[in-house]
Amino acid sequence: MPSDRSEIEDCFEFIKTKQDQGYDLIFFPNPGNSGDAVIACATIQQLEKRRIRCTLARSGMQHKPSNYYIYSGGGNLVPFYADAAKVLASLSRQKAGLCVLPHSCFGVDSVLQLYEGDLTIFAREATTQHYLRSLDARHLTIKIDHDIGLSLDMEDPRLAMPRTFNALYGNAGRGQSLCILRNDCESVANPLLAGKNSIDISNLWPKGFPSRGFGVTYLDAPLVFNCVSWFLSLLAPAAVIHTDRLHVGIAAALLGKEVYLYDNCYKKISAVYEFSLKNRPGLNIRLG
């Protein structure tokens with residue numbers, strides 16, 4: 001389901017225009033795991049680079065007409081999760097303006113059709129773009145941009161630790177592979193991976209570590225960069241990564257690994273691969 005890449009619009013330039021128009025930008029994080037931390041890290045880098053000022057949304061925050069709301073990129077607007085849908089329902093009652101950063105979406109027809117404010121959603125692949133276009137959502141503007149994780153700047157001084165680990169141990173792991181497969185509601189049994197020892201890296205954080213705490217500390221740059229540094233460092237010793245976690249694959253490819261991606265249950269992996277990853281210069285990443 002190809003999309004015309006001439007339609008791609010920079011999502012951060014879009015929200016910067018809202019700031020330039022005098023709006024106060026209020027940011028809703030996407031709760032999640034280490035993959036969402038990668039998106040968070042790249043988002044912080046882009047906000048800093050473009051001098052976009054955002055306030056983190058807080059429970060009980062009063063809506064003002066001068067507010068414009070932003071919901072993080074990711075894959076939360078699907079039936080498996082309720083976080084984004086709850087935010088949209090709350091903001092719809094206020095008839096608030098909202099931009100959802102590059103996302104995969106399906107199966108949330110009524111959430112989008114009933115939204116009462118000015119709603120802009122950036123799809124991160126053509127399948128989502130097609131789904132959104134199929135809806136009769138009168139307040140919805142549809143745009144498309146690449147997944148935010150791809151903009152992660154690995155040369156950022158705050159990511160020195162994983163770069164160093166990769167330089168020191170990357171060659172030591174030549175020929176070694178690491179299999180990182182999800183064990184949640186999005187997982188799919190893949191016969192190509194039968195018999196491989198696997199870990200789900202998102203479950204490696206100690207109990208209480210903020211793997212699902214980015215809803216509180218998402219724009220806390222030191223914490224987010226610390227989480228991502230450890231996450232990337234875990235990938236350093238391997239030369240080849242097999243995974244059905246999109247941002248494990250993206251992060252590993254940015255580290256120079258050979259990556260094999262496998263689809264999740266609603267095929268967001270293959271959709272993002274076709275739109276953004278296939279034959280992308282500088283990344284050694286293939287669909288398994």
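Residues numbered from 1 in each chain as written. Predicted model: local features only at pLDDT ≥ 70, side-chain atom pairs only at ≥ 80, totals over all residues. Heavy atoms only, no water.

**Quick notes on the sheet that holds strand β11 (residues 285–287)**
Here comes step 1: Here we have 4 strands laid out as an open sheet, ordered β8-β9-β10-β11, and parallel in their pairing. Each having just a single partner strand, β8 (177–180) and β11 make up the two edges of the open sheet. Between one strand and the next, the sheet's axes are offset by a mean angle of 15 degrees, whatever the strand orientation.
Here comes step 2: Note: strand β9 (residues 240–243) against strand β10 (residues 258–261), 4 bridges, orientation parallel. Residue pairing for β10: H242 is matched across the bridge by Y260. (Pairing = 2+ DSSP bridges. Helix = DSSP H or I, 4+ residues; strand = E, 2+ residues; numbered from the N terminus. Axes fitted to C-alpha atoms, helices over the stretch in contact; angles between N-to-C directions.)

**With respect to the nonpolar core**
Here comes step 1: Counting residues in each nonpolar core, the largest one holds 52 residues, and the members touching the most others are I15, L101, L235 and L277.
Here comes step 2: Not counting the four nearest positions on each side in its chain, I15 is found in contact with L25, L47, I52, I70, C99 and L101.
Here comes step 3: Core analysis: the second largest hydrophobic core is formed by 27 residues, Y71, A123, L135 and I144 among them. (Core = buried A, V, L, I, M, F, W, Y, C linked by side-chain atoms within 4.5 Å. Buried < 20%, exposed > 50% of the residue type's maximum accessible area, 1.4 Å probe, protein only. Contact = heavy atoms within 4.5 Å.)

**Regarding the packing of aromatic side chains**
Here comes step 1: All told, the structure shown has 8 aromatic pairs when counted by the stated rule.
Here comes step 2: On the basis of an interplanar angle of 70 degrees and a centroid distance of 5.7 Å, the ring pair of F14 and F122 is categorised as edge-to-face. Of the two residues, F14 sits in helix α1 (residues 11–20) while F122 sits in strand β6 (residues 119–123), which places them 108 residues apart along the sequence. For the pair F14 and F122, a shared accessibility class is recorded, and that class is buried.
Here comes step 3: Look at F165 and Y169: their rings are 5.8 Å apart centre to centre, the planes differ by 90 degrees, and that puts the pair in the edge-to-face class. One end of the pair, F165, and the other, Y169, are both in helix α6 (residues 160–169), 4 residues apart, so they sit about a helical turn from each other.
Here comes step 4: Taking relative accessible area as the criterion, F165 reaches 27% and is therefore assigned partly exposed.
Here comes step 5: Taking NZ or CZ as reference, R158 lies 4.0 Å from the ring centre of F225, over its face. (Phe/Tyr/Trp six-rings, centres within 6.5 Å; stacked < 30°, edge-to-face > 60°. Lys NZ or Arg CZ within 6 Å of the ring centre and 35° of its normal.)

**Remarks on α1**
Here comes step 1: Along α1, the positions that sit buried rather than exposed are C11, F12, F14, I15, K18 and Q19. Along the axis of α1, the buried residues cluster in a sector spanning 155 degrees; they form a single face.
Here comes step 2: On its buried side, α1 packs onto β1 (24–28), α2 (34–49), β3 (67–71), β5 (98–105), β6 and β7 (140–144).
Here comes step 3: Capping the start of α1 is the job of one residue whose side-chain oxygen sits 2.9 Å from the backbone nitrogen of F12: D10.
Here comes step 4: Directly beyond the C-terminal end of α1, a positive phi value near 100 degrees is found at G22. (Arc of directions from axis to C-beta. Polar contact = N/O pair within 3.5 Å; in protein donor to acceptor, adjacent residues only side chain to side chain.)

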